[in-house]
Amino acid sequence: MRGRMRVRIAAIVTLLLTAFASSAVFADEPCLKMVFGRYCLGGDVGPLLQVVPPPLVRQEQDASLALVFADAPDRLYVLAFNGKVYKVVRAFGVSTQLRYEETYAALRDIYGPGEDRSRFAPDATTPGRRLVAIRRGEGVAMHVWTPSPTWRIELSWTREMGLSLAYVATELSAARAAQIDRGL
């Protein structure tokens, strides 16, 4: 009986120490938003380099890093700058008007109407014409929400990415853009 009690106490102490150590490791972690339940926007990209299974693609250039993960049928892109995650993008495997409208409606219900930043030619006034413009690369459907000054959400439909949902760390994204503008 005493042996079991000691084992239980040792197990509890071990769990508490493990939890405390884990919280100390992440105490300095500035997670602006947990995205898709597993990506810490604004956090350190290091832990993502050790996940199993590993990313499908890992591409580095200077201080920038891009990781691509499969999330069937979608793709998840995690972009980092100076070791911090500045953007997480879900590229939907199926891009349809219905999927766009459903995703927009879900985001609108949570965050409000957002800001329409779509770009289309003046004659692309119907959903059908806009779809044709997107497929030709002559138009972009985009809505942006800014629920926090530190991060934003972008729902977009482009020829290159198809339908995608992105979470962007505002300051990190601006720092990366400034580096690119300087030619570094």
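Worth saying up front: this structure is predicted, and the values here are computed from it rather than measured.

## Observations concerning the overall build of the protein
Of the regular secondary structure elements, the protein holds four helices and 10 strands. Helices and strands appear in the protein in the N-to-C order α-β-β-β-β-β-β-α-β-α-β-β-β-α. Looking at the 184 residues of the protein, the share that counts as buried comes to 35%. Here the protein displays about 11600 Å² of accessible surface, and carbon together with sulfur accounts for 57% of that area.

## Observations concerning the nonpolar core
The biggest cluster of nonpolar side chains holds 34 residues, and the ones touching the most others in it are Tyr39, Leu41, Leu48, Val78 and Leu155. Top element by residues in this core is strand 5 (residues 74-81). It accounts for five residues.

## What to know about helix 3 (residues 127-136)
Looking only at helix 3, the buried set comprises Leu131, Ala133 and Ile134. One side of helix 3 carries all its buried residues, which in axial view fall inside an arc of 160 degrees. Opposite the buried face of helix 3, at more than 90 degrees from it, the exposed residues are Arg135 and Arg136. On the buried face of helix 3, the contacting elements are strand 8 (141-148) and strand 9 (151-158).

## Some remarks on the state of the cysteines
On inspection of all chains with the given rule, the structure shows one disulfide. For cysteine 31, the disulfide goes to cysteine 40, at an S-S distance of 2.5 Å. On the basis of relative accessibility, which here comes to 32%, the residue cysteine 31 falls in the partly exposed class.

## Quick word on the sheet that holds strand 9
What the eight strands build is an open sheet, ordered 3-4-5-6-10-9-8-7; its pairing is antiparallel. Each end of this open sheet is capped by a strand with a single partner; those strands are strand 3 (57-61) and strand 7 (115-116). In this sheet, strand 10 (residues 162-169) lies alongside strand 6 (residues 84-91) in antiparallel orientation, the contact comprising five bridges. Opposite alanine 91, over in strand 10, you have serine 164 as the bridge partner.

## Side note on the layout of surface pockets
Approximately 250 Å³ is the volume attributed to the largest pocket. Glu60, Gln61, Ser64, Leu65 and Arg176 are the residues nearest the centre of the largest pocket, which is lined by 14 residues in total. If you list the elements that add at least two residues to the lining of the largest pocket, you get strand 3, strand 4 (64-71) and helix 4 (170-181). Broken down by class, the residue content of the lining of the largest pocket amounts to seven nonpolar, four polar and three charged.

## Topic: helix 4
In an α-helix, one turn spans 3.6 residues; hence positions three or four apart end up facing the same way. Compared with an ideal rise of 1.5 Å per residue, which puts 12 residues at 16 Å, helix 4 spans 16 Å between its outermost C-alpha atoms and is within 8% of the ideal. For helix 4, every residue scored as buried is listed here: Leu172, Ser173 and Gln179. End-on, the buried residues of helix 4 take up no more than an arc of 120 degrees, which puts them together on one face. Opposite the buried face of helix 4, at more than 90 degrees from it, the exposed residues are Glu171 and Asp181. If you follow the buried residues of helix 4, they end up packed against strand 4, strand 5, strand 6, strand 9 and strand 10.

## Structural notes on the pairing of strand 3
By the criterion of burial, strand 3 is predominantly exposed, with just zero of the five residues buried. As paired strands, strand 3 and strand 4 are joined by five bridges and run antiparallel to one another. Pairing of valine 57 across the sheet is with valine 68, part of strand 4. What sits between the antiparallel neighbours strand 3 and strand 4 is a turn of two residues, in which aspartate 62 has the positive phi angle 55 degrees.

Reading guide: rules and limits
- Residues numbered from 1 in each chain as written.
- Predicted model: local features only at pLDDT ≥ 70, side-chain atom pairs only at ≥ 80, totals over all residues.
- Heavy atoms only, no water.
- Helix = DSSP H or I, 4+ residues; strand = E, 2+ residues; numbered from the N terminus.
- Buried < 20%, exposed > 50% of the residue type's maximum accessible area, 1.4 Å probe, protein only.
- Areas by Shrake-Rupley, 256 points an atom, 1.4 Å probe, with all protein chains shown as cover.
- Core = buried A, V, L, I, M, F, W, Y, C linked by side-chain atoms within 4.5 Å.
- Arc of directions from axis to C-beta.
- Contact = heavy atoms within 4.5 Å.
- Disulfide = S-S within 2.5 Å.
- Pairing = 2+ DSSP bridges.
- 1 Å grid on protein atoms, 1.4 Å probe; cavity = no way out; pocket = protein on both sides within 12 Å on 5 of 7 lines; lining within 4 Å.
- Points joined across faces, edges and corners; volume = space filled by probe spheres on them.
- Nonpolar A, V, L, I, M, F, W, Y, C, P; charged D, E, K, R; others polar.
- Expected span 1.5 Å × (residues − 1).

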